[in-house]
Each structure stands twice: as structure tokens, then as C-alpha cells.
Amino acid sequence: MPCPSRTDELVFFVNGRKVIERNADPEVTLLSFLRKNLRLTGTKYACGRGGCGACTVMVSKRDPTSQEIRHFSVTACLVPICSLYGAAVTTVEGVGSIKTRLHPVQERIAKSHGTQCGFCTPGMVMSMYTLLRNHPQPSEEQLLEALAGNLCRCAGYRPILASGKTFCLESNGCQQKGTGKCCLDLGENDSSSLGRKSDICTELFVKEEFQPMDPTQELIFPPELLRMAEDPEKRTLTFHGERITWISPGTFKDLLELKAKHPEAPLILGNTSLGPAMRSKGHFHPILLFPARISELNVVSKTNDGLTIGAGCSLAQVKDILAERVSELPEEKTQTYRALLKHLKSLASQQIRNMASLGGHIISRHSYSDLNPILAVGNATLNLTSEEGTRRIPLSEHFLAGLASADLKPEEILESVYIPHSQKWEFVSAFRQAQCQQNALPDVNAGMRVLFKEGTDVIEDLSITYGGVGAATVSAHKSCQQLLGRQWDELMLDEACRRLLDEVSLPGWAPGGRVEFKRTLVVSFFFKFYLQVLQELKKLIKPFPVPNSRRYPEISDRFLSALEDFPGTVPQGVQRYQSVDSHQPLQDPVGRPVMHLSGLKHATGEAEFCDDIPMVDKELHMALVTSTRAYAKILSIDLSKALEIPGVVDVITAKDILGTNGTEDDKLLAVDEVLCVGQIICAVVAETDVQAKRAIEKIKITYEELEPIIFTIEDAIKHNSFLCPEKKLEQGNIEEAFEKVDQIVEGEVHVGGQEHFYMETQRVLVIPKTEDKELDIYVSAQDPAHVQKTVSSTLNIPINRITCHVKRVGGGFGGKIGRPAVFGAIAAVGALKTGHPIRLVLDREDDMLITGGRHPLFAKYKVGFMNNGRIKALDIECFINGGCTLDDSELVTEFLILKLENAYKIRNLRFRGRACLTNLPSNTAFRGFGFPQGTLVTESCITAVAAKCGLPPEKIREKNMYRTVDKTIYKQAFNPESLIRCWNECLDTSSFHNRRMQVEEFNKKNYWKKRGIAVIPMKFSVGFAATSCHQAAALVHIYTDGSVLVTHGGNELGQGIHTKMLQVASRELKIPMSYLHICETSTATVPNTIATAASLGADTNGRAVQNACQTLLKRLEPIIKKNPEGTWEEWIEAAFEQRISLSATGYFRGYKAFMDWEKGEGDPFPYYVYGAACSEVEIDCLTGAHKKIRTDIVMDACCSLNPAIDIGQIEGAFIQGMGLYTTEELKYSPEGVLYSRGPDEYKIPTISDVPEEFNVSLLPSSQTPLTIYSSKGLGESGMFLGSSVFFAITDAVAAARKERDIAEDFTVKSPATPEWVRMACADRFTEMIPRDDPKTFKPWSITVA
Ligand SMILES: Cc1cc2nc3c(=O)[nH]c(=O)nc-3n(C[C@H](O)[C@H](O)[C@H](O)COP(=O)(O)OP(=O)(O)OC[C@H]3O[C@@H](n4cnc5c(N)ncnc54)[C@H](O)[C@@H]3O)c2cc1C
Ligand code: FES
Ligand code: FES
């Protein structure tokens, strides 16, 4: 079968429209095609690896075997367009639009407040839409499964799920009482003031307003595609790209012929393995064979002995096939199928399972493969076919190890997989542990099978296979052989563990790290298997008593908890807030849960983000070249090869900067030396982004290493390497106090850093104008004025020539305060030099590598206390890892020290903090600005005191909490009344004390599972400690038709600031919000703005908007007085006639912040936000996994401007905090290279991580701070409340340690990952594992905190 030289037309449909691509390039993905060629920008790029779901679309295809139309969700970033021949694609634009008709999914996600920045929303919509196409009334479990692959960094998932639940069959209330009814309906839970009050609302949206689902409105599968699918010719299709040829044979015979002709050409099916390898590992295949149209690869056949599944079936189809077989066959025959099904539920996401094929999964032989270990122990065989004929090979350890003798020949393909039924007296199980339950690659997994001699517990056959513990799936064949003939008892268990550890050995330096954890899992999994089988044997033996068989060892009930996995539970919860006064006019939106202004646009994909701006004339693309060394002299930069690449226009280096190149210590582009891996050295400008990225690989830079290279805080202290002087606050007499206390505890706390992981990576578009060196800059930034200023100094042109525009930002969290100026300035240099507009869109990998994040922290504490728990003296010394430049590190240190006392009144205190200078990318602002790290230290001291006093931590917290009007350590007066109220309400609404007892009861009854509960108070100071930051301005225009344009200095980051500003303007001008509009934030309309940060955006800008509106209303007053019955439009018309200015600026001169560090006194913050959170978790001591049973948050929002937005901020921040403290772990190589550069390696919480019950209450207003309508800024504070989960986990770990007689105090390390939990719950298995002497090897990763 020759490879034709002609290229075929690629025909597919997008949103009902036919697409004919005459020069389809196999390297072009659907995501790129939609965004660039079709200008459908609703589908977003956020990771490019299939790991985040932002690019989800629905593909509909006719199944070659069943002939039915299948609708399935896919991640467009991994779909080559060539794979779409004959398919219909539906994007968010095809689902509905504001202009035409909204789809109920879009309407409901917006109206349920499921969108904040909105960048993830189109992906969420498409996952939900696809689910509804297949199941118009899905179950809540199906909904959870459908959304598990869609990440959201803002909203905390709860409202997204709430919108989806409105489509589900069973939608219950909060389930708080376990009665199936909401506690509020029952009129229960009324002991708290929140429960009692009649003005407390629990509905944030009105379900009854939603449009019903109408399946008849959906796009039909195009009849033309049906005809194409019936094509009797079944001809081979060929698409020649620039570098790759794609061949799609129509028949099996053609496929085999092609494979014989091009044996080196891989088959491509889901592209979920090949695609990422080609993209990031540089694998290249000039020919790809795409067999998706071959029905033989999709055949499923059932026999009496087993099941044969075509290699072309997707993993989602495999799941359905196995589920069907399990429902048809007796249990004993389906052991292997059930084990496979277990892993198919957690393997990747729904989208990936829809795309990935069984054949691709097996042949890829990833060491982490979840299915291969089970298939191997289940004795699966592979049916291979080539032109020569067919043959069968076992899916054996040799095949998995890639031995040529046991492998496919190059011309062979995998046609199908045969999986035999299990039999009586045979048991198969699957195990898996990952960083989080869903959408995470496993650290270790295993398949285990045992067959007993009938009627006995004598092992006849045993196979055990592990994944994640080597370069390939590993079989413990030898150990298994040696255990044959043994009885299934404790003696066998001990011997098996020893043998397994010996055979499945893992060197200390093993790639992926977590070595001791992995070793422990090897035996912990086997122990679980041992118990499971024992249980099953007992069941079997009862109906068939065998005379001479042994009695099986009894398993005590306390140990049975080892058997259960944590089921995926659909979260429930209640949100409570105070309703507005019944006398408030209906038109006045303040205090009401108004939907985010852009909510509907987010949901339809019509909301325009920076990179959605259409291509501008002569636009060029930029890609950044970064340092591969941590500290080195640059000896030479050779650009020649890069400049030869077609399409490359220029390379921008420091020499091209006409103004200032950053600062002496923080250069925009490196000169002479580099200070970290990831520092920007130069930037390629090319016609396309693909060319620019290819060119950066061709730039050769030579370096000479410099010394000393410092990565860790420990090394920085050793080398006295600091970014700024120590910050210190002291009160009382600490030394004297330590002498008088009953007890003293000293300890250490390590808190890892955090990546912002805003869904929209950093991006900027710089458009040079033809006149007067003017530049327009469109940027995703929290501080456009800073971008403007930096560009001005870099180009050496006045600020007034540069206009920065921010329409909306796809998440910032502090990461888009300082960094966008760097990217804006480099792109502006490129624009000025080339005279072309420049677009710079960072890949996720580059964004994570370059931009830094939250500062890792190391702290030492000494706390002195009385035996009753009263703390008399606290001395904390903190060090943060600042990275290689100052950035915000000094400020973060100051905030950390200022906020360290949290909610506690301790008379003798000493807080010291220093920022370390290391050779890591500079760390920067991040939501909470040091508070979430620092306060974890304070709360850890409390826990340590509690352990020593033998009292529960909440007692120590209560005893030491501020109670009356008082002064902080820096002598700022405040009233803690709301703090106490939040604390009491939280104890009350969470039924804390009852549940504490239940937790203890549970722990007594369960050895391998432990529960923990913790309640944490919070006093969070809002604002910047600098007076100049407490100002804001606004500009309000009223046009002659009565419509009003509002502009202010805040940026819309998803936190709903524009919505709140229009609520303010609406109240002030007394007109409905529909008259008002905000277009963008621009430095041309409101100059010299302050970064939207520090939870202050709405406070200060709200006052400025109010000021402008009041000015306008005052001007209108005489006209209104004259015609009080007139309409707004009539008044405006009259004002215009009378030459009254209808435009006004507003200004707010805010708080006079002050802090004297010499004296340690000041009034740095305008006010405090108080809160409390209670969380309960359950941990699996054998694997380190945990589930979050319940969280209750009470937050003092005072008079919320918009309870839906404020609750959204609290929930979102809480989930982000939970990520910081439990799963988000940055891994660096010993050379300072950040490994975790994408969603595969860096796990932010997914929808499955939301607590099973998640209740949030806003404390009814009490105090009235001097803010806009007495509201409070809630952007950051909720972050720290995520630590309640951390302390609940450590509470559970402490319970396990107590029971095992191990010291209860242990070094606190955040995040509390499964690895940390497992290793802290030391037991006979952790004792069994070999330990390496750290001096004897170079570890795979280092800890920088
Ligand atoms: C975001 C993400 C998350 C993931 N999470 C998990 C996880 O949690 N657990 C897990 O186990 N896996 C996970 N995976 C891996 C995934 O299971 C595999 O990538 C997938 O199964 C490969 O199938 P494919 O059809 O996409 O293969 P492709 O990428 O299309 O092909 C892969 C290889 O298989 C060969 N091949 C395919 N079919 C045949 C055939 N019939 N005959 C001969 N050769 C063939 C090809 O030549 C190619 O070399 C994840 C992947 C992604 C992208
Ligand atoms: S961009 Fe495609 S999954 Fe993240
Ligand atoms: S709203 Fe989900 S990422 Fe911002």
C-alpha cells in the first residue's frame, strides 16, 4: 500500500458548520485550529497537556462497530485535527450564546455563581453539556465524574457543582442531619444565632427561574457525516504536514500493509501518550498511522472463559464493557474486571478516558500505568496481527519490561486484548495511591492475584505487580514463586513483605522521589490484600466447610477499617448570609447575591481574555529563552541557528533595551550572569508561536558555573545570604517569662511554597502605534499602572505615550502584580525594535518555571506555658525563601511578622523574620502575603502546647484568644468581639464538641483509619501597610441616553469587583444596574492606580465610585427637584440642555497607614476580618490518603456588598488554602530545576477534594468599619482557614501515633501529603523498609523550605 503523495481534504464539522481543510497539518491541534483558524476563542489554553480541562469540547462520531453516534468530551489541546475526519465538534459557542439563545447549562452555571474569573468556565460547560447529551438526568456521581478533569482555581467548585446538580435526578438538601433533608427545612440547628435568625438566607440563586432542558434544541449529527461514515470505498486518507504525514487507512488490510511498509511509524489513537511525548520530550515521528476507522480494532467478544476487547476501544468504552460484564456474570468470574473498573474510575479524567485507547495504554507501558499491573496478574494476553498472520503473547513481566523476545514486532499491531474470567478460590485486587484521589497519576499502584487450592488456604498461584516503582511495571515474580504452597496467614504475610521489599527495590535516588513512601506502599498494599483475601476466604469457607482446612486467623473489627477505600462522595452544604433589610428598595442591589457581571459571557465563551483579542495586522509572536543554570556567568550566546529558522524575525537581548534594564539586582533580561534556572536571557520574535518556540531550542548559550549556589533556607542561613535586614517585633519580657513558666516546648515548622496556577497564564499583546511612540498594551495584570511605568522606563519614553488595558484577568492571586510588567516590557522592546505588534503567551511550563510563587517558610519556635495551657511567652524566628531577587520579599517578611500573633493575646512575644537570598526564581506576592505560612507556625505552637498539657488544642486556643478591646503586638487597638462570635458560632454550627467525642469513639474502634477534627480562629488584617496605597479613583460618564459608563482603578480578576462597583453606582445614582456598564480598566481613563490586591480593591474603588456618583447626583439635584416625577432619561436630557457636566471623577483618600519598625508600633491596617473554620477528616494510615468529611466556616463579612461573591471568595480561598496545606508540592532538582511545571506534577485541588459537607456562614453584621457601606474585603482571608484541614489531618495522625506509642509531637511539615501522613503514622511496615544513608546518594529532589 503506497503512501500517496497527494494530500486529502480534511472534512469535519464544527458547531454544525462544515470545515474543509485542504492542507491539514498533523501537528496542528484542535485547540489551536479553533482559536486561530476559526476564531472560536471560547475554548481556552491553560496547560496544553490534557491535565486541566480548560480546552474541553464535545466530539460526536459514528461508532464503526455499533454504528451509533457517540458524544464524548475531549481535551482539544491533545486532539490532532487530522483525527477529526468525519467528526462533529461542538464548542462552547455551539452550545449557546447571549446573542442567540443561552443553553440551560450556561445559564445555570452563571446564575449559580459558578464563575469567578471565568477562564475555566467554557471547559466546565462543555463537560456538563456532554454529560447531559448522554444522560439528560444524570446522577450526582456521574456529574462528579464528568467534572473531575476540569480544574478551577477560583471558585472552590461548590457553586459549579450546585449548578450541575439542578439537572440531576436526586438533588437533596444539605444532608447535615443525615435524614435526607436540609437542617434548615427541619427547623433544627437553631441553637446558634445563625440558625435562629429569620433574616438569614440560604439561597444564593432561585432555581425556579431556570429555563428547563430542551433536548430538541441540540445540534443534530450532520447527515453528511453519516453518509461519509458509510463510504463503501473505505479509502486511505493522507494528510501531509510540514514535517509529518498522517495516514488513516480505511480497512484492516490496508492498515497491515502500511504497518509492514512503515514499521517504524507508530499507531496513533488517543494521542494522550504520543502527543505529550512529542511535545515535551522531543520525540518525533515523520509518519503516523491512524486506525480509528478500522472496525476490527473495536470488536468486543464474550466467551465462556473470558472477554476480548478491541485495542481501539477507548478506556471509557472499556469501562462500560467491563461494567456490563460484571453485571452479567457471577462475582467469582469478575474479580479481574472489578479490579480494572476500580482503577478506571480514578485513571486520569473523563476526557482522557474518552480519548485514550486500550491499545495505546498497554503499548505505552508507562511505569505508572494503572491497568497493566492488573492485566498482567489477570493473565491477559495480547492478540497481535501483521501481514504475516496473527499470534498471541502474554501481557507478561517480560512484555512490560520491553524485552524484544516478548514484544510486538515492528510490523505488528495489537488487535485486541483477551482478559480471562477469574475462577472460584481466586481473588484479584487493585491498589493505587496518588497525591489526590482523582485526576492524578499514581505514586504507586499494584495488581495482586491469588489462587488457592480448592477448599483450602494454600496458595496455588500468586502474582503481584507494581507500577510507579521503577522504569516499567515491575513483577514480584520471584517472591510469588517462593510463597507457593504456603498458607494464607500471618507468617506468610511477614515473609511476603520481606521478600517483596527485597525484590521490588528502589534506590534512594530513584526518579520521582518519595522513595521511602513508595517502599512502604509496596508492603502496605500487600497487607491490605492479605486482609481482603482473608475476609473473602471466610465468606467462602462458611457455605463449604472443608473438613481438614485450617481455621482462618480472625481479623479484629478494629483492623477491618484497613479494607475500605474512600468512596467519591458528592459534596453537600449550606451557605448562610443575612438578607437585606426588608425596607431596602427592590432596585437597590447592594447586599443582594447579584450574579457576576460577566457570568453569562464566561459561560458562553464570549468573555474576551487577553489572548482572545483577534490577531492584529502584522502581528508577531514572542517566546522566551531562559537560563538552564542556577548561578553562572554567561560566556556566549549564539543566535545564528535560531535566526536561520524560517519565520524567525529577530532575537531580543539586553542590548536592545534603550532605557533601563530593570534594576541592578533584578534585570528584565540577563546580562553577563544568571541567578536562577528560569531567568529570562533573551526572546525570539517570529511569525508564528510555533516558529518562535522551535527557534529557542536552537539558541546556544555557554556558561561558567559560579559559587556558592544556594537553594535551601538551611544553606542561605549557613552562608548568611539574605535579601534584606531582619524584621522584628517584641513585647513584654520574653526571657523573664520563659523563666517563670511551667513548661517550654521548642520545635520547627516547614511550609512549602505554592504556585499561583492561575488558569490563564501570563500574556500580553503590545501594539505600537504609528505616531509619537505611542503603545497600546493589552495585558493580564493586577497592576497595569506598574506595567505602564516599567515599559516607560525600559523604552525610555514618557508614561503618557503608553496605555495599558485590562479587560479581565483569568486569575491572579498576587502572581500578576509584579510579573506582567516584566513580560510587558520585554514584549514592548520587541515591538519597538521590529515595529510590529508582539503577542507573548506563556506556556504553562514556562509560566511555572519563571514566575515564582508563594515563599516557602522555615520557622523555629519556643513557647513557654503554664500547665493549664495559658501561654506566657512565644518566640518565633521565621525564614522565607525569597529566591534570587528582592521582589516583594521584604514586604512579605513584614506582613508575616505583623500578622503572626493571629487571634492570640500573649503578653511576652518575640517575632523575627528574614528573607533568604537563594538561586531560585524570585518568589512574589500570593494571596494572604505571608499570613498563611506564618500563622501555620503559631497554630502549630498551640497544638504543641496542647499535646504537652494533655488538653485538646481548641481549649488552648480559647484560653489564649483575645477577648476584649485590646492592642496588637504593634499596639494597634482593635475589638475582638466578632472574632469571639465567629469562634462560638463555628463551634455551635459545626456541633464541634459532640463531633470531637464521636471522633474519639471512631478512633478507639479503628486502628488503620483515624479521624481528626480541628477548629481554627482567624484575625486577618486587611490592606497595605503603606499610606500611598490607600487611595483610589474613578471616572463616571453619563451619556445623553441615560446610560452610564463607570471606570475605576480596580481590575477584574474574577473577584467580582466590577459587579460590586456597579452595585455601588446603582445605589448611589438610584438607577437599575442595567443602565450601567464597565468596559475595561485602562491607564488612560484612571491614571496612577494601585495594584488590585490586599483585599482592598472593592473597599477603596467603591468609595471612589461612590464619590463620583455623589458628585453627579448633586449636579442633577436641581433638575430632579424641579421635576420629581420625571424619568432618569428626562433628567439627563435636561442636564445636557442646561450644560451640566455629566462626567465626574471620584477620588478616595483612604487610610493613613503607618508602621514604625524601630519602635515596633503603628497603625498599619484599616481593619480586621475575623473568621473560624472547623474541619474533620479521616486518614488511611496505610496509604496516607485522606477524605474531608466536613468543613464549617463562619466569616465576619460585616455588611456584605454581595453575599454570593463574598461566599465565593471565601470558598475559593479556602480550597486554595487547602491545596497549599495538603497537595500542592513544588519539587526542585538538586540543580535547582523546578520539576513541577504542569498539572501532572503539581496538584491543585479538584472537584473531588471539596469536603463532603461544606457549610459557609457570613456572620450577621455587627461592627461598622469605615468602608463602603460597612462591607469587608474578603479576597485573601479564607486562604488560611484551609489550615483547619491540615490541623484535622495532624490531629488524626497524632491519634494514630498515640495508639502506636510513638511520640505525639512531630515536626510539622506542610503540605500534609499522603507521603507525609503515611510516614508519620509509623507502624510495622514503615519499620520494615530499608532506609538509605542520605550521604550515600544524590536525591532526586531537594526541600527548599
Ligand atoms: C492528562 C493525562 C492523565 C493521565 N492519567 C493517567 C493515570 O492516572 N493512570 C494511567 O495509567 N494513565 C494515565 N494517563 C496515560 C494514558 O492512560 C495513556 O496516555 C493512554 O492510555 C494512551 O492511549 P492513547 O490511545 O492515547 O495512545 P497514543 O498516544 O495514541 O499511542 C501511544 C502508543 O501506543 C501505540 N499503539 C496504540 N495503539 C496500538 C495498537 N493497536 N497496536 C500497536 N501499537 C499501538 C502507539 O504506537 C504509541 O506508541 C494519562 C494521560 C494524560 C494525558
Ligand atoms: S489546555 Fe487542554 S487540558 Fe489544559
Ligand atoms: S473561575 Fe474557574 S478558574 Fe477562575
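Remember, predicted model here, so these are calculated numbers, not experimental data.

Engineer: Go over the site of ligand 1, please, and point to the residues and values.
Structural biologist: Around ligand 1, a shell composed of 33 residues is seen, among which Leu 267, Leu 269, Thr 272, Leu 274 and Ser 357 lie nearest. Between Leu 269 and ligand 1, the recorded distance is 2.7 Å, taken from a backbone N or O atom to an oxygen atom. One of the side-chain N or O atoms of His 361 is found 3.0 Å from an oxygen atom in ligand 1. Against a free-state accessible area of 970 Å², the protein chains account for coverage of 93% of ligand 1. Those elements that provide at least two residues to the shell around ligand 1 are α14 (358-364) and β14 (413-420). With five residues, α14 is the largest single contributor of residues to the shell around ligand 1. Partitioning the shell around ligand 1 into residue classes produces 19 nonpolar, eleven polar and three charged.

Engineer: Give a detailed account of the nonpolar core, specifying residues and quantitative values.
Structural biologist: Among the nonpolar cores identified, the biggest contains 219 residues, and Tyr 466, Trp 488, Phe 526 and Ile 876 are the most heavily contacted of them. For this core, the element with the most residues is helix α19 (residues 515-541), which contributes 16 residues. In terms of nonpolar packing, the next biggest core, distinct from the first, is built from 71 residues, Leu 84, Ala 87, Trp 246 and Leu 384 among them.

Engineer: Describe the packing of helix α30 (residues 931-949) against helix α31 (residues 953-960), naming the residues involved and giving the relevant values.
Structural biologist: In the contact formed by α30 and α31, the axes pass within 8 Å of each other and the chain directions differ by 115°. The element α30 and its partner α31 pack so that their crossing is right-handed. Here α30 contributes Glu 939, Ile 942, Thr 943, Val 945 and Ala 946 to the contact with α31, which in turn contributes Pro 953, Ile 956 and Arg 957. Looking at the contact of α30 with α31 residue by residue, the class counts come to five nonpolar, one polar and two charged.

Engineer: Which residues make up the sheet that holds strand β33 (residues 871-883), and what values go with them?
Structural biologist: Overall, mixed pairing links the six strands, which are arranged β26-β34-β33-β32-β27-β48 in an open sheet. Since the sheet does not close on itself, it has two edges, and those belong to β26 (727-731) and β48 (1308-1310), each with one partner. Averaged over all pairs of adjacent strands, the angle between their axes in this sheet comes to 10°, without regard to strand direction. In terms of strand pairing, strand β27 (residues 743-751) meets β48 through three bridges, oriented parallel. For His 750, the partnering residue across the bridge sits in β48 and is Lys 1309.

Engineer: Before we move on, can you summarise the packing of α30 against helix α39 (residues 1283-1299) with the specific residues and values?
Structural biologist: Contact geometry of α30 with α39 gives a least axis separation of 12 Å together with a crossing angle of 30°. As summarised for this structure, α30 and α39 are arranged roughly parallel, according to the angle between their axes. Here the hand of the crossing between α30 and α39 comes out right-handed. On the side of α30, the interface is formed by Leu 936, Glu 939, Ser 940 and Thr 943, while α39 contributes Ser 1283, Phe 1286 and Phe 1287.

Engineer: So what's going on with the sheet that holds strand β11 (residues 306-310)? Residues and values would help.
Structural biologist: The strand order across the open sheet built from five strands is β10-β11-β14-β12-β13, with neighbouring strands paired in antiparallel fashion. Either end of the sheet is taken by a strand with one partner, and the two such strands are β10 (300-302) and β13 (389-394). Each strand of the sheet is rotated relative to its neighbour by a mean of 20°, with strand direction disregarded. Its contacts with the sheet put helix α9 (residues 252-261) on β12 (381-386) and β14, and the angle it makes with β14 is roughly 115°. Lying over the sheet, helix α12 (residues 335-346) contacts β11 and β14, oriented at roughly 120° with respect to β14.

Engineer: Provide a residue-level description of the side chain of Asn 881, including the pertinent values.
Structural biologist: By the secondary structure assignment, Asn 881 is in strand β33. Residue class for Asn 881 comes out buried when judged on its relative accessible area of 0%. In this structure the side chain of Asn 881 is engaged in a polar contact, spanning 2.6 Å, whose partner is the side chain of Thr 918. Of the polar contacts made by the side chain of Asn 881, one reaches the backbone oxygen of Val 1344; its length is 3.2 Å.

Engineer: Go over the confidence of the model for the protein chain with me, naming the residues and quoting the values.
Structural biologist: On average, residues of the protein chain carry a pLDDT of 95, and 96% of them reach 70 or more. Per-residue pLDDT stays below 50 along residues 173-191; that stretch engages in 41 contacts with residues further than four places along the chain or on separate chains.

Engineer: Report on the packing of aromatic side chains, specifying residues and quantitative values.
Structural biologist: In this structure the tally under the stated criterion is 33 aromatic pairs. Relative to Tyr 1168, the ring of Phe 974 has its centre 5.4 Å away and its plane inclined at 45°; by these criteria the two rings are tilted. Of this pair, Phe 974 sits in strand β36 (residues 973-974) while Tyr 1168 sits in strand β45 (residues 1167-1180); the two residues are 194 residues apart in sequence, bridging distant segments of the chain. Tyr 1168 gets classed as buried once you look at its relative accessible area, which sits at 6%. Judged by centre distance (5.3 Å) and plane angle (40°), the rings of Phe 1214 and Phe 1254 are tilted. On the criterion of sequence distance, the pair formed by Phe 1214 in helix α37 (residues 1203-1222) and Phe 1254 in strand β47 (residues 1253-1258) is long-range, its members being 40 residues apart. For the pair Phe 1214 and Phe 1254, one class covers both residues: buried. Seen from the ring of Tyr 1007, Arg 1300 lies directly overhead, with NZ or CZ sitting 4.2 Å from the centre.

Engineer: Account for the pairing of strand β39 (residues 1044-1048), with residues named and values stated.
Structural biologist: Extensive coverage of β39 is indicated by the burial of five of its five residues. Along β39, one buried face is formed by Val 1044, Val 1046 and His 1048 and the opposite face, lined by Leu 1045 and Thr 1047, is buried too. Relative to β39, strand β38 (residues 1031-1038) runs antiparallel, the two sharing five bridges. Paired with Leu 1035 across the two strands is Thr 1047, which belongs to β39. Between the antiparallel neighbours β38 and β39 lie five residues, among them Gly 1042 with a positive phi of about 95°. Inspection of the sheet shows β39 paired to strand β40 (residues 1076-1077) by two bridges, in the parallel sense. Along β40, the bridge assignment pairs Leu 1045 with His 1077. Each parallel crossover has a hand, and for β39 linked through helix α34 (residues 1057-1069) to β40 it is right-handed.

About the cut-offs
Residues numbered from 1 in each chain as written. Chains lettered and ligands numbered in written order. Predicted model: local features only at pLDDT ≥ 70, side-chain atom pairs only at ≥ 80, totals over all residues. Heavy atoms only, no water. Near = heavy atom within 4 Å. Polar contact = N/O pair within 3.5 Å; in protein donor to acceptor, adjacent residues only side chain to side chain. Areas by Shrake-Rupley, 256 points an atom, 1.4 Å probe, with all protein chains shown as cover. Helix = DSSP H or I, 4+ residues; strand = E, 2+ residues; numbered from the N terminus. Nonpolar A, V, L, I, M, F, W, Y, C, P; charged D, E, K, R; others polar. Core = buried A, V, L, I, M, F, W, Y, C linked by side-chain atoms within 4.5 Å. Buried < 20%, exposed > 50% of the residue type's maximum accessible area, 1.4 Å probe, protein only. Axes fitted to C-alpha atoms, helices over the stretch in contact; angles between N-to-C directions. Left-handed = near helix turned anticlockwise from the far one by under 90°. Contact = heavy atoms within 4.5 Å. Pairing = 2+ DSSP bridges. Parallel < 35°, antiparallel > 145°, perpendicular 65-115°, else oblique. pLDDT = per-residue confidence, 0-100. Phe/Tyr/Trp six-rings, centres within 6.5 Å; stacked < 30°, edge-to-face > 60°. Lys NZ or Arg CZ within 6 Å of the ring centre and 35° of its normal. Right-handed = clockwise from strand over helix to strand, strands pointing away.

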